[in-house]
Structure formats: C-alpha cells, structure tokens
Amino acid sequence: MQPFSHDAIAPMTDASGQQRPRAEQYSALERVDLITRIDLVLPQTQCQQCGYPGCKPYAAALADGEASINQCPPGGETGIRTLAKLLDLPYLPLNTAHGITKPKAIAMIDEHRCIGCTLCIKACPVDAILGASRQMHTVISQECTGCELCLAPCPVDCIIMQPLAPSQATSAETPAKAAQTQTAVAVAAADLARRRYQQRQQRQEREKLARLQSVSQKKTGQTAADKDAIAPGTDAIKKAAIAAAMARVQALKTGTSPTKDYE
Ligand code: SF4
Ligand code: SF4
Ligand code: SF4
C-alpha cells in the first residue's frame, strides 16, 4: 500500500499552541468536525485492518480516544505521522498486530474459474465488483481499493491481488513534481473510495429499512387476518348467547326447563 499524506491539516492546537482537550470534552459539533478531519487523512482502503468496519468508524474511535494512531497499515508511517500531528499525539510505530504496509494492489478475478456465487460482491466495501448470480464477476479496477476483503469469501480462490506499478516520473517531471502528482492521484483515489463507501453504507441502510418495513407490514397484515379469523368465532358466540337467552325466556313462558346446553 502506498503511504497516504495530507499536509493541509491543521494541528489540534488552539491559537496559543495549547493542546486541545480529548474528544470526550468536545461538543457534538466539534466531534463531528474532528471525525471528518481525521477521515480525510485516512487512506480509505476500507480494509478493516484497524479493527473497525471502515475508515470513518476508525476516525470516530480516534476522535473518542478509543483507538491508537498506529492501527492503519495502509496509511503506513506517513499516515501515523499525519494523525499524530492532527491529534497532537506522540508518534508511535505501526502496530503490526494489525498487519504490515504493503505496496498498492488491486483485485483481479479469473473469470474462467468464477462460479458466480456473488459472495465477493457482498464483501466489497466500495461496490467495485460487477456480476450477477451464476454469472462471471469482474472487478472495476479504478474503484478497487485493494482491501482484500473479497479474497477470503471466494469459494474457488479465483481472485488474486495484482500489484500496481508505482507511477513513474515522466522525463518532463522533476522528482518533486512526480511526488506531487502521486499525492494528487492518491487523494483523488481516496476521495472516490470514500464516496463509494458512503454510498454503499446508505444503500445498505435503505435496504435494511425496507426489510424492516416489509416485516412490519407482514405482521400488520397477519394481525388484521387474525382479527378476521377471530371475528366469525366471536359472532358465533354472540349468536349462541342470544339463542340461549331466547330459549330461557321461551322456557320460562312455557314452564319448561331450558336445556343444559343453554345454561
Ligand atoms: S485503510 Fe483500513 S486500516 Fe486504515 S483506517 Fe481505513 S479501514 Fe482502517
Ligand atoms: S474488489 Fe476486492 S480488493 Fe477490491 S475493493 Fe472490492 S473487496 Fe476490496
Ligand atoms: S466469490 Fe469468487 S466465485 Fe464467487 S462470484 Fe466472486 S469471484 Fe466468482
């Protein structure tokens, strides 16, 4: 994975250079702002190696002081230094329990071996895989973050990670210019991944809501049906009670005893 850098982030110090209080002392609005600023410097690989279900949840955990700045292997050392500066925390080496920083790679599917089970689609955090049930699947390379989350679910191991060649400086570019270009490309890729991750989260929320509504409607339908089912029974009981009362009245008039069934 390529280290990610984002230099245009102000440190979390006030005008006098004093360290800001920890996240729990921020207002709700300040917390949201801090999470957004942290998320902006995360690589958006959405690989979950930090122990959180995406970059934004890790950003929230950092803002809340619940995670360390050294849990993101794709961000690498540059990422840790950027987070340390942003949060006014001391630098820590990468915690390799979360993985190691690797060169950037993207997933490729061997389409001849793919059985179209769709498991990789369900695992991809940025919807970078196209396909349908029992059809071959393919990765949209520009949208793949290299998170590797699609590898494990594939039952036939037909997905491989293809390392990307680091972008080379053209003869017209100085090394500084080439580094600038590389940073711009990384920022654009991170922005795209962030958008696609958010879109997927929103879609999943909508689907969840639709499922809940459907279940609720089914239950409401069942309740109405149950009432309908009970209603005839209730009517029958009422009719029987009326008949019994009339029989008793008739019996009193004629001087005969009503049958036991009507008692
Ligand atoms: S890139 Fe992976 S490890 Fe880093 S913050 Fe995002 S989800 Fe976590
Ligand atoms: S295609 Fe695979 S490696 Fe690429 S983003 Fe999706 S899950 Fe991650
Ligand atoms: S998980 Fe593997 S076999 Fe299943 S659709 Fe994806 S690539 Fe094909």
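All values derive from a computational prediction rather than experimental measurement.

Cut-offs applied
- Residues numbered from 1 in each chain as written.
- Chains lettered and ligands numbered in written order.
- Predicted model: local features only at pLDDT ≥ 70, side-chain atom pairs only at ≥ 80, totals over all residues.
- Helix = DSSP H or I, 4+ residues; strand = E, 2+ residues; numbered from the N terminus.
- Buried ≥ 20, exposed ≤ 12 C-beta atoms within 10 Å, placed from the backbone.
- Contact = placed C-beta atoms within 7 Å.
- Expected span 1.5 Å × (residues − 1).
- Arc of directions from axis to C-beta.
- Axes fitted to C-alpha atoms, helices over the stretch in contact; angles between N-to-C directions.
- Parallel < 35°, antiparallel > 145°, perpendicular 65-115°, else oblique.
- Left-handed = near helix turned anticlockwise from the far one by under 90°.
- Nonpolar A, V, L, I, M, F, W, Y, C, P; charged D, E, K, R; others polar.
- Near = placed C-beta within 6 Å.
- Core = buried A, V, L, I, M, F, W, Y, C linked by C-beta atoms within 7 Å.

> Which residues make up the overall build of the chain, and what are the values?
Along its length, the chain carries five helices and four strands. The linear arrangement of helices and strands in the chain, starting from the amino end, is α-α-α-β-α-β-β-β-α. Within the chain, the fraction of its 263 residues that count as buried is 24%. Look at the contacts in the chain between residues 6 or more apart in sequence, and 63% of them connect residues 24 or more apart.

> Outline the environment of His137, listing residues and values.
Position of His137 relative to the elements: it lies in the loop between strand E2 (129-130) and strand E3 (138-139). It is 6.5 Å that separates the C-alpha atoms of His137 and Glu111, two residues lying 26 residues apart in sequence. Residues contacting His137, with those up to four places away along its chain left out, are Ile109, Cys114, Gly116, Cys120, Ile121, Ile129, Leu130 and Gly131.

> Describe the environment of Thr45, with residues and values.
Within the fold, Thr45 resides in the loop between helix H1 (28-41) and helix H2 (55-63). With 102 residues separating them in the primary sequence, Thr45 and Cys147 have C-alpha atoms 5.6 Å apart.

> Provide a residue-level description of helix H3 (residues 76-87), including the pertinent values.
For H3, spanning twelve residues, the distance from its first C-alpha to its last is 17 Å, which sits close to the expected 16 Å at 1.5 Å a residue. Within the span of H3, buried status applies to Gly79, Ile80, Thr82, Leu83, Leu86 and Leu87. Around the axis of H3, the buried residues are gathered within 160° of arc, so they sit on the same side. In this structure, the buried side of H3 is in contact with H1 and H2. Within two residues after H3, Asp88 carries a phi angle of roughly 55°, on the positive side.

> Lay out the packing of H1 against H3 in plain terms, naming residues and giving numbers.
Closest axis-to-axis distance for the H1/H3 pair is 10 Å, and the angle between their directions is 160°. Classified by the angle their axes make, H1 and H3 are roughly antiparallel. In terms of crossing hand, the pair formed by H1 and H3 is right-handed. Every residue of H3 that contacts H1 at Arg37, Ile38 and Val41 is listed here: Gly79, Thr82, Leu83 and Leu86. Each residue belonging to the contact of H1 with H3 can be placed in one class, and the counts come to four nonpolar, two polar and one charged.

> I'd like to hear about the site of ligand 3, residue by residue, with values.
As a structural note, the neighbourhood of ligand 3 is formed by 15 residues, with Cys114, Cys117, Leu119, Cys120 and Cys154 the closest of them. When its residues are assigned to classes, the shell around ligand 3 shows eleven nonpolar, four polar and no charged.

> Account for the nonpolar core, naming residues and giving values.
Counting residues in hydrophobic clusters, the biggest one holds 19 residues, and the most contacted among them are Cys124 and Cys150. Looking at this core, the elements with two or more residues in it are strand E1 (105-109) and helix H5 (175-254). When residues of this core are assigned to their parent elements, the largest contribution, four residues, is made by H5. Ignoring anything within four residues of it in the chain, the contact list for Cys150 reads Ala107, Cys120, Ala123, Cys124, Ile129 and Ile159. Within the second largest apolar cluster, 18 residues are counted, among which are Val41, Cys50, Cys72 and Leu83.

> Mind laying out the packing of H1 against H2, listing which residues take part and the relevant values?
Two numbers describe a pair of packed helices, the interaxial angle and the distance between the axes. One can describe the packing of H1 onto H2 by two numbers: an axis separation of 8 Å at closest approach and a directional angle of 125°. By the criterion of interaxial angle, the relationship of H1 to H2 is oblique. Here H1 runs over H2; the crossing is right-handed. Of the residues in H2, those in contact with Arg31, Leu34, Ile35, Ile38 and Asp39 of H1 are Cys55, Lys56, Ala59, Ala60, Leu62 and Ala63.

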